[in-house]
Amino acid sequence: MKYRLPIAALSLIFVTGISCTYLKVRVLNADVLTTKLRAWFVQNPEDRLYPPVIGVTRYDRALVTGPLGDVLVPHAREVVYPLVSDPRMPFDALIQRLRHFPRAERHAKLFSVVHSYGFMTFHFMYEIVPKIAEGIALLRADPEVKLLVWKNDTTWIQTLFDLPAHRIVQYDHHTVYHAVELFVPSPGHTGYTTPELVRAVLAHLPARVENDRPYVLYVSRGLSIDRRVRNEHELVEALRHASPYLLVVFTDLETPTQIVALFRGAAAVVGFHGAGLVNAMFCAPGTPLIKMMFTFEPHWDFMQLARALGMRYWLVPVPQSWWMQPLVTAPVGLVVATLIAALEAPTPCPSGFSTKSDQDSRLGHDYMGEINDPGESSSLRKDKSASFCSGCGAGRMGDGASCWPCAPGWFAPDPGANPTCRICPLNTFAASDAARCVSCPSGTGTVLPGGRSAEDCVDRALFRTARS
């Protein structure tokens with residue numbers, strides 16, 4: 001279940017830069033979040049954020065059925081819902097529905113981890129896999145117990161838990177599964193998993209091996225049908241030159257064993273919101289997770305994942321973007337600057353400056369002179385900037401090494417030194433290299449923050465249609 005958080009409260013959280021009692025978010029600069037993000041957000045306190053782990057429960061002569069994986073216990077007239085947010089139906093209505101299911105299977109003992117979203121990669125990895133970890137002791141102690149799970153890649157289950165294929169029953173929601181003994185894990189929430197269950201998964205992994213060549217892992221969505229990064233080649237090349245680390249591009253074609261090893265060894269993970277990032281659950285605690293996020297009704301699943309694992313969650317908002325958008329344009333300079341900040345990498349100049357004048361700045365330049373010692377005083381760095389560094393100017397931002405033009409929909413007003421570009425507010429737009437945003441013509445406005453041209457200004461009477 002998702003909850004709305006008032007915009008004023010959302011702004012306060014991000015402007016403070018880091019934390020509430022149950023929330024930890026990092027942004028490069030609060031200025032990138034001064035627009036009214038339309039956000040879904042968790043507003044419950046921590047003790048209600050994650051459901052308690054009550055352990056595996058046994059039911060005699062029970063059955064599992066339907067798209068939600070509902071558990072029915074006929075002799076007790078009881079219904080057990082896998083998710084606390086599942087819609088409740090009367091017991092008799094569910095029993096009547098059984099007549100419409102064409103198939104039935106009977107088993108002696110089943111452990112069911114089925115829930116309504118478990119067939120999707122993110123929910124399978126972040127919600128179902130931890131539920132398997134909750135019942136792995138049962139599965140290992142009693143070889144007669146079979147695991148009932150959606151038709152996902154069973155290689156993951158075999159890789160993480162060494163469970164043979166003949167003990168995995170792949171769930172079909174048109175079938176009724178009868179069990180003499182049925183076991184179910186603790187009920188869960190969509191998009192949230194109790195931290196102790198995530199850590200239980202990690203307990204089954206081999207020890208992390210330190211790499212001779214640390215690397216940054218970029219998670220590509222090039223094979224996906226939505227949220228593919230239009231300027232991905234430019235972004236990858238920029239990330240490749242942004243830090244002293246090697247850059248590895250993850251395409252989701254790797255085997256589970258390779259995926260675990262890749263993420264466990266990463267110095268940082270960068271990517272657009274999507275299922276591939278769920279593999280960050282295999283990263284070491286403290287690893288930065290830098291996520292590009294659409295600004296229309298953004299999702300906060302990965303923030304919760306990062307919190308559960310003790311990772312550092314960095315947010316890069318992408319204006320004029322939404323969940324099922326086919327193509328998105330990444331703000332390359334902001335992603336690069338965020339990576340540098342997340343890695344705490346030394347740069348030749350302070351944030352907002354570059355080693356060359358705006359006119360000579362180019363991607364992949366050679367550093368001119370000695371790199372700053374991360375521990376040196378800010379006053380010394382400012383002295384260096386006077387003779388060695390130059391401000392990036394209006395319409396551009398500096399990451400301490402390079403200048404980057406503001407992408408369409410962003411602006412940088414400071415004529416001296418801008419550490420970040422900022423998103424154009426609602427009802428305004430800007431082309432690239434913009435020092436300010438231009439107001440939409442009278443009677444029109446933008447549906448989302450970050451308008452890129454006058455074409456993004458639409459008749460206000462059409463707003464409701466456009467937003468849907």
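Data block above holds the structure.
Residues numbered from 1 in each chain as written. Predicted model: local features only at pLDDT ≥ 70, side-chain atom pairs only at ≥ 80, totals over all residues. Heavy atoms only, no water.

S.K.: Tell me what's going on with the sheet that holds strand β12 (residues 288–294), and back it up with residues and numbers.
M.R.: Judged by pairing direction, the sheet is parallel, and its five strands sit side by side in the order β10-β8-β11-β12-β13 without closing on themselves. Each end of this open sheet is capped by a strand with a single partner; those strands are β10 (246–250) and β13 (312–318). For this sheet the average axis-to-axis angle between neighbouring strands, irrespective of direction, equals 20°. Summarising the sheet, strand β8 (residues 215–219) and strand β11 (residues 266–272) pair through five bridges and their orientation is parallel. Its bridge partner being in β11, Val-216 is matched across the sheet by Ala-268. Across the sheet, helix α8 (residues 256–264) lies against β8, β10 and β11, angled at about 125° from β8, the strand it touches most. (Pairing = 2+ DSSP bridges. Helix = DSSP H or I, 4+ residues; strand = E, 2+ residues; numbered from the N terminus. Axes fitted to C-alpha atoms, helices over the stretch in contact; angles between N-to-C directions. Contact = heavy atoms within 4.5 Å.)

S.K.: Please provide a residue-by-residue account of the sheet that holds strand β1 (residues 57–65), values included.
M.R.: Pairing in this open sheet of seven strands is mixed, and the strands run β3-β2-β1-β7-β4-β5-β6 from one edge to the other. What marks the edges here is a single partner per strand, and that holds for β3 (78–80) and β6 (168–171). Mean inter-strand twist for the sheet, computed between neighbouring axes without regard to direction, equals 35°. In terms of strand pairing, strand β4 (residues 103–112) meets strand β7 (residues 175–184) through eight bridges, oriented parallel. In the strand pairing of β7, Lys-109 is matched with Glu-181. The sheet strands contacting helix α4 (residues 121–141) are β4, β5 (146–150) and β7, and the helix crosses β5 at an angle near 175°. In the packing of helix α5 (residues 154–161) onto the sheet, contacts are made with β5 and β6, and the angle to β6 comes to roughly 145°.

S.K.: Explain the state of the cysteines to me, using residue names and the numbers behind them.
M.R.: A full pass over the atoms with the stated rule returns five disulfides. The residue that forms a disulfide with Cys-349 is Cys-389, at a sulfur-sulfur distance of 1.9 Å. Torsion about the S-S bond of the Cys-349 and Cys-389 cystine: about -90°, corresponding to left-handed handedness. A residue pair is termed long-range when its members are at least 10 positions apart, and Cys-349 in the loop between α10 (332–343) and β15 (353–354) and Cys-389 in the loop between α11 (378–387) and β16 (390–391) qualify at 40 residues. Take Cys-349: its relative accessible area is 0%, and that puts it in the buried class. The side chain of Cys-392 participates in a disulfide bridge whose partner is Cys-403; the two sulfur atoms lie 2.1 Å from each other. Its S-S torsion of about -90° marks the bond between Cys-392 and Cys-403 as left-handed, since a negative value means left-handed. With Cys-392 in the loop between β16 and β17 (396–398) and Cys-403 in strand β18 (residues 403–405), the pair connects residues that are 11 residues apart, well separated along the chain. Residue classification places Cys-392 among the buried positions, given a relative accessible area of 0%. Cys-403 sits in the buried class, given a relative accessible area of 7%. When the cysteines engaged in disulfides are numbered in sequence order, the chain pairs them as 1-2, 3-4, 5-6, 7-8, 9-10. (Disulfide = S-S within 2.5 Å. Buried < 20%, exposed > 50% of the residue type's maximum accessible area, 1.4 Å probe, protein only.)

S.K.: Go over the layout of surface pockets, please, and point to the residues and values.
M.R.: There is about 770 Å³ of room inside the largest pocket. Around the largest pocket sit 35 residues that line it, and Met-120, Phe-122, His-123, His-299 and Trp-323 are the ones nearest its centre. Of all the secondary structure elements, the ones that give two or more residues to the lining of the largest pocket are α4 and α9 (301–309). A per-element tally of the lining of the largest pocket places α4 first, with three residues. (1 Å grid on protein atoms, 1.4 Å probe; cavity = no way out; pocket = protein on both sides within 12 Å on 5 of 7 lines; lining within 4 Å. Points joined across faces, edges and corners; volume = space filled by probe spheres on them.)

S.K.: Can you lay out unusual backbone geometry for me, pointing to particular residues and giving the numbers?
M.R.: At Asp-162, a residue that is not glycine, the phi angle is positive and equals roughly 55°. Residue placement: Asp-162 occurs in the loop between α5 and β6. One non-glycine residue with positive phi stands out, namely Asp-433, at about 60°. Take Asp-433: it is sitting in the loop between β21 (428–429) and β22 (438–439).

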